[in-house]
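Chain by chain, the residues:
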Amino acid sequence: MHSMNGIRVFTFGLFILLGCGRTSVSGQLSYSISEEVNPGTSVGNIAKDLNLGVHELETRMFQIVTGARKKHFEVNLKTGVLFVNDRIDREELCAKATKCTVSVEAVLNAPLKLYRLDINIIDVNDNYPSFTSDSQNIEMAESTLPGTKFLVLSAYDADVGKNDISTYKLSASDHFSLSVSKGEKVSAELILQKPLDREKQSVVRLTLTAVDGGTPAKSGTSQLIINVLDINDNVPIFAQSLYKSSIAENTPLGASVITVTATDSDEGPNGEISYSLSSKDQDHILDIFDIDEQTGLLTVKGKLDFEEHPAFEIRVQASDRGSPPMTSQCKVLIEVMDLNDNAPEISVTTLINTIKEDAKLGTAIALVSVVDKDGGKNGIVHCSMKNETPFKLETNYKNYYSLVVDGQLDRETDSYYNVTIIARDDGEPALMSTKEFTVYVSDVNDNSPQFSEPVFNVYLKENTPVGMVLKRVSAFDADIDQNAQVSYSVIESKSNLQLLAMVNINSETGDITSLQSFNYEEIKTFQFKVQATDSGVPSLSSNVTVNIFILDENDNNPTILAPYSEHGSVNSETIPYSAEAGYFVAKIRAVDADSGYNALLSYHLSEPKGNNLFRIGTNTGEIKTKRRMSDNDLKTHPLVVLVSDNGEPSLSATVSIEVMVVESTTDVQTQFRHVPIKEDSFSDLNLYLLIAIVSVAVIFLLSLISLIAVRCHRTDGTFSRYSAPMITTHPDGSWSYSKATQQYDVCFSSDTLKSDVVVFPAPFPPADAELISINGGDTFTRTQTLPNKEKVRT
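The model shown is predicted, which means the values in this text are computed figures rather than measured ones.

Reading guide: rules and limits
- Residues numbered from 1 in each chain as written.
- Predicted model: local features only at pLDDT ≥ 70, side-chain atom pairs only at ≥ 80, totals over all residues.
- Heavy atoms only, no water.
- Helix = DSSP H or I, 4+ residues; strand = E, 2+ residues; numbered from the N terminus.
- Buried < 20%, exposed > 50% of the residue type's maximum accessible area, 1.4 Å probe, protein only.
- Contact = heavy atoms within 4.5 Å.
- Areas by Shrake-Rupley, 256 points an atom, 1.4 Å probe, with all protein chains shown as cover.
- Salt bridge = Lys/Arg side-chain N within 4 Å of Asp/Glu carboxyl O.
- Patch = residues over 30% accessible without salt bridge, like charges linked within 9 Å, V, L, I, M, F, W, Y side chains within 5 Å.
- Disulfide = S-S within 2.5 Å.
- Phe/Tyr/Trp six-rings, centres within 6.5 Å; stacked < 30°, edge-to-face > 60°.
- Pairing = 2+ DSSP bridges.
- Axes fitted to C-alpha atoms, helices over the stretch in contact; angles between N-to-C directions.
- Core = buried A, V, L, I, M, F, W, Y, C linked by side-chain atoms within 4.5 Å.

*Asks:* I'd like to hear about the overall build of the chain, residue by residue, with values.
*Replies:* Each helix and strand counted, the chain has five helices and 56 strands in total. Considering the chain as a whole, with its 794 residues, one finds that 42% of them fall into the buried category. At a minimum sequence separation of 6, the contacts of the chain that also span at least 24 residues come to 65%. Surface summary for the chain: the accessible area is close to 41400 Å², and the carbon and sulfur share equals 52%.

In structure tokens form, the structure reads like this:
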């Protein structure tokens, strides 16, 4: 396939059109390119030919506009090269037209300039000549004189120019030769060179080859089957070899066109002539015209349309009634006269889908082109707008317009406009057509996202799995489209770098997920800010505070403190046989790393069946005798103490103690205490207890002061509903700490050598109500109401 890449521009014209109060400069470029070249083949450097810098193509929104047709060409905005975008088939575009030109428009904005590009499509030899029939039957009388010509079926080649059919060839024959006529159309006639003798050869078979002028040449063949008949030796002769006539399009069916006449020198049936239209290569003509067999009158049979066929070349055949019949042909040229029967066709190519409400006057929105298939004044078209809109039409050049902004746009008043364009021709009567389309007005980004709540509080149980969704934050943007698309992020700062490893937020949904499992014993609360940003240019954003509160879970077993060890080993204690009821045996101490009710411990004692000698304080862990010893009691008593917390489910630990009964008090020894002796000075144990109590008191006071300071300086009001704490001393020596609806009791044991301070803190401040009280005995009561506004995350 011959390819002509990048054939230089051969025409560049500039002309100035004045219209609607402003000047529009336009130009025309011409290029040439071969058909069937590969997509991407360069046609020419349009930037260079228009004297434009390559950078201007993108900044000025350079584009190729083809209307509703296939986009065969495109421009590389990086290099300025006009290249082939789609397969080019000249035969599909222009059929048999001698010159094939594809016209497209090039548009530049800021300021608006339009250029007409005429690309001449050069034909290549890509089609083979073909006959409508593989074989042709010709009947020929044996008396036919040498030199007689017979019209044969012409071949058709979709190519044009030199690639069209250039000649015909005939296979070798003693009787026939071929005469090739090269006029407007190459045709061939079979010439009898030597008289036929039916008795020697009744059928002659020849091969007719049609050859085009391409390089290399292509060809097609058809078989000629010549049946030799006998005797009618005169052919009809037409009065004229060429007839001409004209007729208006849309002429009614049955109207007369022209009469052809022929004579035959023979007599009788051999001289009787009948007329017909040749069926060779004239299928569309047979659908439109008919001829009277007897008179030769040509009449209209189908619809005449100037836009489809401005002229017809008809071959009329005259045949006698001899045996065999003899025929001859003539040509009839019919010119179709145009009528104003086509309304203008309006094509709208939008340059932008939507127009911003702050668009400047003169901004181009769409290109409008009008085409009328009629000719002469019937094809002259005038274009206007029907309804009142803030837009107007500006003339670019003949039948090409630009729709531009002509007034202030306000999306809040009108978010779209229905535009109606009217096109009217100058025919009589004039024909009119309309085209309606919608111009949408887009919003500008003037609203920032707003969160659904001023602050988000999340209550999360400890030990939740990693990746759990803690909270979904959402924000609404009053804008539309891209300006209303909100993305979420955690605001980074030097103070919250550690938080970035703890939580993550989905930028699209606002889902806050955990990046680690939280331990209440390590962290109880943290805070960060989430930013919602829209996708406008420039973008707008807003922030919201997210508070994460970790709630305690019962995930720690009680731990037995020294000197006793947990289950697995036996601890020994001794008591005298003379011990009275209520005699102090031992005290079990245990701690729980949890807090609140999960750290509230209770002690339970298990004795051998039938033995009911000991009891244990449920809250104190003190083991005492219930009664005096008897002779029936065993000397050794194995005890198992179960320490359980108050969580759900409850966790526990056990310790085994073997109590041995001795006869004398001097033999009584214990692992953790001596017989009480009144001393004026403190023992080491009392000193440690005093230090512990003072330390707890100092920590408590510091925490209280910090809480009050935070309460006074807090700006977001998240914890404003908690009132100042209050400490109350009771007559029995216990303390009560309350804050708003929370109350804590601090209990001391007065009947042992060591006093224990037991503090029951709340799981977390947001709890609406909590009350713990320890009664005078070994029981306790508790009431608690969980938060009712936020669901706890588990």
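*Asks:* Account for the pattern of salt bridges, with residues named and values stated.
*Replies:* Here the structure, examined in full by the defined rule, presents 21 salt bridges. For the salt bridge of Lys392 with Glu394, the shortest nitrogen-to-oxygen distance reads 3.8 Å. Taking the relative accessible area as the measure of exposure, Glu394 reaches 6% and is therefore buried. Across the salt bridge formed by Arg627 and Asp633, the nearest N and O atoms sit 3.1 Å from each other. Since its relative accessible area comes to 30%, Arg627 is described here as partly exposed. Through salt bridges with shared partners, a single network forms among Glu36, Arg87 and Asp89.

*Asks:* Now, about a nonpolar patch on the surface: what can you tell me, with residues and values included?
*Replies:* Where nonpolar side chains cluster on the molecular surface, the patch consists of Leu690, Val694, Val698, Leu702 and Ile705 and spans about 450 Å² of accessible area. The residue Val694 is located in helix H5 (residues 684-713) in this model.

*Asks:* Outline the state of the cysteines, supporting the account with residue identities and numerical values.
*Replies:* One pass over the structure, following the stated rule, counts one disulfide. For Cys94, the disulfide goes to Cys100, at an S-S distance of 1.9 Å. Every disulfide takes its handedness from the sign of the S-S torsion; for Cys94 and Cys100 that torsion is 65°, giving right-handed. Note on Cys100: relative accessible area 0%, which makes it buried.

*Asks:* Can you break down the environment of Glu453 residue by residue, with the values?
*Replies:* Mapped onto the secondary structure, Glu453 falls in the loop between strand E33 (450-451) and strand E34 (455-461). Glu453 sits in the partly exposed class, given a relative accessible area of 32%. The sequence separation of Glu453 and Thr545 amounts to 92 residues, and the corresponding C-alpha distance is 9.6 Å.

*Asks:* Can you break down unusual backbone geometry residue by residue, with the values?
*Replies:* Following Thr215, the chain continues into Pro216 via a peptide bond in cis, with omega recorded as -5°. With respect to the helices and strands, Pro216 occurs in the loop between strand E14 (203-212) and strand E15 (219-229). The peptide bond linking Glu648 to Pro649 adopts the cis configuration, its omega dihedral lying at -5°. In this fold, Pro649 is placed in the loop between strand E49 (636-645) and strand E50 (652-662). Within the chain, Met61 stands out as a residue other than glycine whose phi angle is a positive 55°. Turning to its location among the elements, Met61 is positioned in the loop between helix H2 (54-59) and strand E4 (63-65). For Met61, a relative accessible area of 41% gives the class partly exposed.

*Asks:* How would you sum up the packing of aromatic side chains? Please name residues and give values.
*Replies:* Tallying each qualifying case throughout the model produces eleven aromatic pairs. With centroids separated by 5.1 Å and ring planes inclined at 80°, the aromatic side chains of Phe289 and Phe312 adopt a geometry described as edge-to-face. Here Phe289 is found in strand E21 (residues 289-291), whereas its partner Phe312 is found in strand E23 (residues 311-320), with 23 residues between them in sequence. The buried category is assigned to Phe289, whose relative accessible area is 1%. What links up through ring pairs into an aromatic cluster is the set Phe451, Phe456 and Tyr488.

*Asks:* Outline the sheet that holds strand E9 (residues 135-141), supporting the account with residue identities and numerical values.
*Replies:* Taking strand neighbours across the sheet as the criterion, the four strands line up as E9-E15-E14-E11 in an open arrangement whose pairing is mixed. Each edge of the sheet is formed by a strand with only one pairing partner; in this case those strands are E9 and strand E11 (165-170). Put simply, the sheet's adjacent strands are angled 25° from each other on average, direction ignored. Pairing analysis gives five bridges linking E11 to E14, with the strands arranged antiparallel. Across the sheet, the residue bridging to Thr167 is Val211, located in E14.

*Asks:* Which residues make up the nonpolar core, and what values do they have?
*Replies:* Ranked by internal contacts, the top residues of the largest apolar core, which has 27 residues, are Ile33, Ile46, Phe62, Phe73 and Leu117. Every element with two or more residues in this core is listed here: strand E2 (22-34), helix H1 (46-49), strand E5 (73-76), strand E6 (81-84), strand E7 (101-108) and strand E8 (113-122). Counting residues in each nonpolar core, the second largest holds 26 residues, with Leu499, Ile505, Phe528 and Val544 among its members.

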